[in-house]
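Letter by letter, the chains look like this.
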Amino acid sequence: MKILVCGGAGYIGSHMVRYLGGRGHEVIVLDNLSTGHREAVDERQLEVADLLVPSSLKAVFSRHSFDGVIHFCARSLVGESVSQPYAYYENNVAGTLNLLQAMREAGVSKLVFSSTAAVFGHPETTLIAEDHPTRPINPYGASKLMVERILADAASAYGLRSTALRYFNAAGAHPEGRIGESHQPETHLIPNVLRAALGQEAGLKVFGLDYPTRDGTCVRDYVHVNDLASAHLLALQHMESYEGAHLFNLGNGQGFTVLEVIEAARHVTGRSISYAQGNRRPGDPAVLVASSDKAQRVLGWRPRFTDIGEIIETAWRWHQAPRY
Ligand code: UFG
């Protein structure tokens, strides 16, 4: 297949590109490099374009003929979305709409879309399945849910085949260590913990020790980026036989507390990692754990990194020698 990966210079997108390349697919990366890294991509695959500039998008579609699109471009920080909602609705909703229109004009009819556990807001159950009510509590989650709705409407109106994958906590890095997670600023737990292990993060804070969980800290479901990548390819292949708009939750089905992650990182790195007690971070639900039964049953997805230590180990290789 020839596949367009939008946001392919970013953290999850770059792992997707590597994964597809390793399986013989031809890949073009579309990225505006606002948060993505040129170094994460083979220059020959890169098309610098912006979803908010439709002419730049159309130019990419006129130069290539794609079998499908995997769309990772988004703003994705919960806290920032609360203070800058227009930026989130513009990038995540209007940008995606531009992409969908360009796909339609070019006759490309398969899309895999990055959605998020943030569509669920404060969950009512500990294991979250696809039919759990969606009540996002921040503009980031709301923007992703709006796109899910657009995709359902596009399936009925235009026959678009789409799959929205709601990731829980993407984590880890390619085991070879040449690509990895590098955000500026970094807000995610595992990179912050590993930077603390390296002495680069003096102020590691645990946001809230008074949650109703086994040790008082938030429980999250960490899923390895390469396992996310494999789910995307399975989703594209599934859409060859099935029309409509599909939804899947992607996680490990196992939750770890913030303190358990820190302990696992101490074990992996062999370093001491100290932290301070911080206040709860606004918008953080106590527990977010996916039921991935549907993805396993329907797509045949089998996550390979099920152990938190193994996931952290791959991230640790990257953080000791990041290339960007
Ligand atoms: N945390 C800390 N200290 C830190 C960083 C994080 O204690 O320095 C805690 C957070 O409070 C949270 C957990 O570690 O309880 C994980 O936090 P992350 O920032 O790594 O991830 P989130 O769970 O906040 O975010 C993820 C995705 C978002 C998505 C969200 C759904 O990155 O895109 O899940 O709620 F929206």
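Reading the values: the criteria
- Residues numbered from 1 in each chain as written.
- Predicted model: local features only at pLDDT ≥ 70, side-chain atom pairs only at ≥ 80, totals over all residues.
- Heavy atoms only, no water.
- UniProt positions renumbered as here; feature names shortened; annotations may be inferred.
- Helix = DSSP H or I, 4+ residues; strand = E, 2+ residues; numbered from the N terminus.
- Near = heavy atom within 4 Å.
- Polar contact = N/O pair within 3.5 Å; in protein donor to acceptor, adjacent residues only side chain to side chain.
- Areas by Shrake-Rupley, 256 points an atom, 1.4 Å probe, with all protein chains shown as cover.
- Buried < 20%, exposed > 50% of the residue type's maximum accessible area, 1.4 Å probe, protein only.
- Lys, Arg positive; Asp, Glu negative; His and termini not counted.
- Salt bridge = Lys/Arg side-chain N within 4 Å of Asp/Glu carboxyl O.
- Contact = heavy atoms within 4.5 Å.
- Expected span 1.5 Å × (residues − 1).
- Arc of directions from axis to C-beta.
- Phe/Tyr/Trp six-rings, centres within 6.5 Å; stacked < 30°, edge-to-face > 60°.
- Lys NZ or Arg CZ within 6 Å of the ring centre and 35° of its normal.

**Here's the deal with the UniProt feature "domain: NAD-dependent epimerase/dehydratase" (unreviewed entry) in the protein**
Feature annotation in UniProt assigns "domain: NAD-dependent epimerase/dehydratase" (unreviewed entry) to the following positions: residues 3–251. Helix makes up 37% of residues 3–251 and strand 20%. Its end C-alpha atoms lie 24 Å apart.

**What about the site of the ligand?**
Around the ligand, 20 residues are found, and the nearest of them are L189, K205, R220, R281 and D284. One of the backbone nitrogen or oxygen atoms of T187 is found 3.5 Å away from an oxygen atom of the ligand. Within the contact set of the ligand, an oxygen atom lies 2.8 Å away from a side-chain nitrogen or oxygen of R220. Calculation on the ligand without its partners gives an accessible area of 690 Å², and the protein chains cover 92% of this total. For the shell around the ligand, the elements supplying multiple residues, two or more each, are α6 (189–197) and β9 (205–207). Take the shell around the ligand: its biggest share by element is three residues, from β9.

**Overview of the side chain of E130**
Summarising the element assignment, E130 is placed in the loop between β6 (127–128) and α5 (139–158). Buried and unpaired, E130 has no salt bridge, with K294 as the nearest side chain of opposite charge at 5.4 Å. In terms of polar contacts, E130 uses its side chain to reach the backbone amide nitrogen of N249, at 2.8 Å. If we ignore the near neighbours within four places in the chain, the residues touching E130 are R166, L247, F248, N249, S291 and K294.

**Quick word on the pattern of salt bridges**
In total, this model carries 19 salt bridges according to the counting rule given. Two residues, E124 and R135, come together in a salt bridge whose shortest N-O distance is 2.8 Å. Taken together, the residues span a long stretch of sequence, with E124 in the loop between β5 (110–116) and β6 and R135 in the loop between β6 and α5 at a distance of eleven residues. Under the relative-accessibility criterion, E124 is labelled exposed at 52%. In this structure, D284 engages R220 in a salt bridge whose closest nitrogen and oxygen atoms are separated by 3.9 Å. In this pair, D284 sits in the loop between β14 (276–278) and β15 (287–290) while R220 sits in strand β10 (residues 219–220), placing the two residues 64 residues apart along the sequence.

**Quick notes on helix α8 (residues 258–269)**
For α8, spanning twelve residues, the distance from its first C-alpha to its last is 16 Å, which sits close to the expected 16 Å at 1.5 Å a residue. Listed in full, the buried residues belonging to α8 are V258, V261, I262, A264, A265 and T269. Angularly, the buried residues of α8 cover 165 degrees about the axis, an arc narrow enough to put them on a single face. Contact partners of the buried residues in α8: α6, β9, β11 (222–224), β13 (256–257) and α10 (308–320). Taken from the residues just after α8, G270 is the one with a positive phi, measuring 70 degrees.

**So, the packing of aromatic side chains**
Aromatic ring pairs: the centre-centre distance and the angle between the two ring planes describe each pair. Applying the stated criterion to the full structure yields four aromatic pairs. Between the NZ or CZ atom of R23 and the centre of the ring of Y19, over which it lies, the distance is 3.6 Å. Here the guanidinium or amino end of K294 rests over the ring plane of F248, the centre of that ring lying 4.7 Å away.

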